[in-house]
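The chain contents come next:
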Amino acid sequence: MIGAGAAGSTAAFHLAEAGIKVSLLEKNASTLIKPCGGGMASAVQDWFPFDLKPVVDEVIQKVEFSWCLEDQVIADLQDSTPFWIVRRERLDSFLIEKAINAGAELFRPFEVSSLKKVERYWRITSKDGKELEAKAVVIADGSNSPWPKAFGLGPKAQHHAATTSVRLERRGTLKEGTSRFDFGLVHHGFTWAFPLSGGVNIGVGTFIGNNQSDSQTVLEKVLPSLGFDPKEGEKQESLLRVWNGHHSLHGEGIIAIGDAASLCDPFLAEGLRPALISGCEAALSIKNWLKGDANDLSSYSSAMKRRWGNSMAWGKRIAQVFYRFPKVGYQLGVKRPTAPKRIAQILSGRIGYEEIAQRVIKRFIFQKQ
Ligand SMILES: Cc1cc2nc3c(=O)[nH]c(=O)nc-3n(C[C@H](O)[C@H](O)[C@H](O)COP(=O)(O)OP(=O)(O)OC[C@H]3O[C@@H](n4cnc5c(N)ncnc54)[C@H](O)[C@@H]3O)c2cc1C
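All of these numbers come straight from a predicted model, not from anything done at the bench. (Residues numbered from 1 in each chain as written. Predicted model: local features only at pLDDT ≥ 70, side-chain atom pairs only at ≥ 80, totals over all residues. Heavy atoms only, no water.)

(A) Summary view of the pairing of strand E14 (residues 189–196). In terms of burial, E14 is a largely internal element, eight of the eight residues being buried. Every second residue of E14 is oriented toward a common face, with Gly189, Thr191, Ala193 and Pro195 on one face and Phe190, Trp192, Phe194 and Leu196 on the other, all of them buried. Inspection of the sheet shows strand E13 (residues 178–182) paired to E14 by three bridges, in the antiparallel sense. Its bridge partner being in E14, Phe181 is matched across the sheet by Trp192. In terms of strand pairing, E14 meets strand E15 (residues 199–206) through eight bridges, oriented antiparallel. The partner of Gly189 across the bridge, within E15, is Thr206. (Buried < 20%, exposed > 50% of the residue type's maximum accessible area, 1.4 Å probe, protein only. Helix = DSSP H or I, 4+ residues; strand = E, 2+ residues; numbered from the N terminus. Pairing = 2+ DSSP bridges.)

(B) Structural detail: unusual backbone geometry. For the bond running from Arg108 to Pro109, omega is 0°, close enough to zero to count as cis. Considering the arrangement of structural elements, one finds Pro109 in the loop between strand E7 (105–107) and strand E8 (112–118). With a phi angle near 50°, Asp71 is a residue other than glycine that sits in the positive phi range. Along the chain, Asp71 falls in strand E5 (residues 70–76). For Asp71, a relative accessible area of 32% puts it in the partly exposed group. A positive phi angle, close to 60°, is found at His188, a residue other than glycine.

(C) How the structure looks around the side chain of Ser126. Within the secondary structure layout, Ser126 lies in strand E9 (residues 121–126). Separated by 2.5 Å, the side chains of Ser126 and Asp128 make a polar contact. Once you skip the residues sitting within four places of it in the chain, Ser126 turns out to touch Phe110, Glu111, Val112 and Ser113. (Polar contact = N/O pair within 3.5 Å; in protein donor to acceptor, adjacent residues only side chain to side chain. Contact = heavy atoms within 4.5 Å.)

(D) Region of interest: the pattern of salt bridges. In total, this model carries 19 salt bridges according to the counting rule given. Between Arg123 and Glu133 there is a salt bridge, with its nearest N and O atoms 3.1 Å apart. You can see Arg123 sitting in strand E9 and its partner Glu133 sitting in strand E10 (residues 131–134), a full ten residues away along the chain. Here the salt bridges do not stand alone but share partners, grouping Asp57, Arg87, Glu89, Arg90, Arg167 and Glu169 into one network. (Salt bridge = Lys/Arg side-chain N within 4 Å of Asp/Glu carboxyl O.)

(E) Structural view of the site of the ligand. Around the ligand, the structure places 35 residues, and the nearest of them are Glu26, Gly37, Gly39, Arg88 and Asp259. Interatomic distance of 3.1 Å between a side-chain N/O atom of Asn28 and an oxygen atom of the ligand. When the free accessible area of the ligand is taken as 1000 Å², the share hidden by the protein chains comes to 91%. Of all the secondary structure elements, the ones that give two or more residues to the shell around the ligand are helix H1 (6–17), strand E12 (159–168), E14, strand E16 (235–242) and helix H5 (272–290). (Near = heavy atom within 4 Å. Areas by Shrake-Rupley, 256 points an atom, 1.4 Å probe, with all protein chains shown as cover.)

(F) Representation of the sheet that holds strand E11 (residues 137–139). Reading across from one edge, E11-E18-E17 is the order of the three strands in this open sheet, with mixed pairing throughout. On the outer flanks of this sheet lie E11 and strand E17 (250–251), each paired with one strand and no other. One ladder, built from two bridges, connects E17 with strand E18 (residues 254–256); its direction is antiparallel. Opposite Gly251, over in E18, you have Ile254 as the bridge partner.

(G) Seen up close, the sheet that holds E13. Read across the open sheet, the seven strands follow the order E5-E4-E13-E14-E15-E12-E16; overall the sheet is mixed. A strand with exactly one partner marks an edge of an open sheet, and here the two such strands are E5 and E16. Each strand of the sheet is rotated relative to its neighbour by a mean of 20°, with strand direction disregarded. Each of E12, E13, E14, E15 and E16 touches helix H4 (residues 215–225); the most contacted strand, E15, lies at about 145° to it. Against the sheet, helix H7 (residues 326–334) engages strand E4 (62–67) and E5, with an angle of about 145° to E4. (Axes fitted to C-alpha atoms, helices over the stretch in contact; angles between N-to-C directions.)

(H) Summary view of the nonpolar core. If you look at the biggest cluster of nonpolar residues, it comprises 99 residues, and the most contacted ones within it are Phe65, Leu115, Phe181, Phe183 and Ile257. Non-local contacts of Ile257, meaning those with residues more than four positions away in its chain, are made with Ala7, Gly8, Ala11, Val138, Ile139, Ala140, Leu263, Ser278, Gly279, Ala282 and Tyr300. By size, the runner-up hydrophobic cluster in this structure holds 15 residues, among which are Val186, Ala193, Ile202 and Val218. (Core = buried A, V, L, I, M, F, W, Y, C linked by side-chain atoms within 4.5 Å.)

(I) How the structure looks around the packing of aromatic side chains. Under the counting rule described, the total for this entry stands at 21 aromatic pairs. Plain terms: the ring middles of Phe65 and Phe181 are 5.6 Å apart, the flat faces sit at 15° to each other, and that makes the pair stacked. Residue Phe65 is found in strand E4, and its partner Phe181 is found in strand E13; the two are separated by 116 residues along the sequence. The class of Phe65 is buried, set by a relative accessible area of 4%. Judged by relative accessible area, which is 4%, Phe181 ranks as buried. With centroids separated by 5.5 Å and ring planes inclined at 55°, the aromatic side chains of Phe181 and Phe190 adopt a geometry described as tilted. The same class applies to Phe181 and to Phe190, which are both buried. Seen from the ring of Phe50, Lys98 lies directly overhead, with NZ or CZ sitting 4.9 Å from the centre. Taking NZ or CZ as reference, Arg317 lies 4.4 Å from the ring centre of Trp314, over its face. (Phe/Tyr/Trp six-rings, centres within 6.5 Å; stacked < 30°, edge-to-face > 60°. Lys NZ or Arg CZ within 6 Å of the ring centre and 35° of its normal.)

Structure, rendered in structure tokens:
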């Protein structure tokens with residue numbers, strides 16, 4: 001397993017649980033604060049036999065949407081399954097610990113610098129010359145991974161969202177159980193504010209054109225609206241690989257998961273749920289292949305298409321239209337009377353973009369008749 005983030009540690013846990021020998025390789029000596037809002041659909045609980053609540057900082061009951069910090073729409077999540085906020089460093093450490101308890105061996109720091117197939121085995125070498133061999137390898141080293149391109153996994157043309165984010169260790173004016181999205185301030189994207197116990201994650205994401213140049217100016221407007229100094233906090237910039245078409249995510253004894261596999265939602269940058277789903281599905285597929293119950297790892301690529309890709313195909317279309325005409329998108333997509341309920345269902349992971357698109361198409365057909 002290359003990378004002990006959300007995706008890698010999930011796959012390591014499920015494989016180790018199934019009795020497979022797992023080496024979890026992580027380049028950083030300790031778990032760092034990652035640029036991540038930490039918003040996570042509570043539906044992910046279904047994929048773990050242990051309770052994830054210990055790492056949930058806040059349960060979101062209300063989502064406030066705005067256009068240039070005005071024209072507010074509130075989605076009440078109280079009736080549906082909740083949306084959680086986690087501190088990424090805590091989630092990652094928690095999942096790593098579960099993987100170790102299930103029998104996985106953690107190697108850190110272990111920065112993979114070479115990956116080669118030598119006869120039937122994968123040879124993995126670290127930057128400082130350590131070597132390991134494995135029958136199967138899982139690529140889980142995030143958005144900068146060189147391996148998917150090298151081994152023909154995932155999209156040839158990678159698409160990125162540009163992000164700038166900041167973690168503040170005081171709460172400001174954000175109310176308890178409330179998160180915020182603003183769509184008017186950023187070109188082709190949105191800003192978010194997600195509460196933590198005693199803190200807040202704030203950020204800017206751009207989905208068309210990778211232009212981070214005005215993020216600083218945007219943050220300087222958002223921070224005071226939440227009770228902070230415009231220059232407060234240390235900003236982190238990063239590029240996030242987003243979903244860009246259906247592609248094979250497996251080869252012979254190799255699988256790409258999480259951001260390395262370009263699974264992140266191209267509309268809302270939701271990457272934790274696909275990281276966890278892909279970790280579970282990769283483990284299942286590898287287990288069946290190693291035990292001789294399957295001839296190859298193709299069940300992984302087809303499961304990811306069915307469980308995630310089909311919805312993302314619509315997410316990509318929606319993003320292309322919404323972020324090109326965001327004002328119209330806000331009026332028609334967010335301010336519709338039924339929109340808050342639908343948004344709540346998307347955030348909590350209970351419906352996908354495919355269902356939203358089908359509803360819109362049906363409405364359009366009936367209106368025309
Ligand atoms: C600013 C920002 C905000 C976001 N907010 C949200 C959000 O609110 N909700 C949400 O669902 N998603 C969010 N995302 C997306 C989410 O953070 C990612 O999709 C998620 O981190 C993917 O997990 P991963 O395990 O695939 O990758 P990562 O978390 O990046 O883990 C990869 C791991 O591999 C390690 N690694 C890298 N190279 C090597 C190497 N050569 N050898 C060994 N180890 C290596 C890294 O150190 C790291 O620990 C956000 C992303 C950004 C950038």
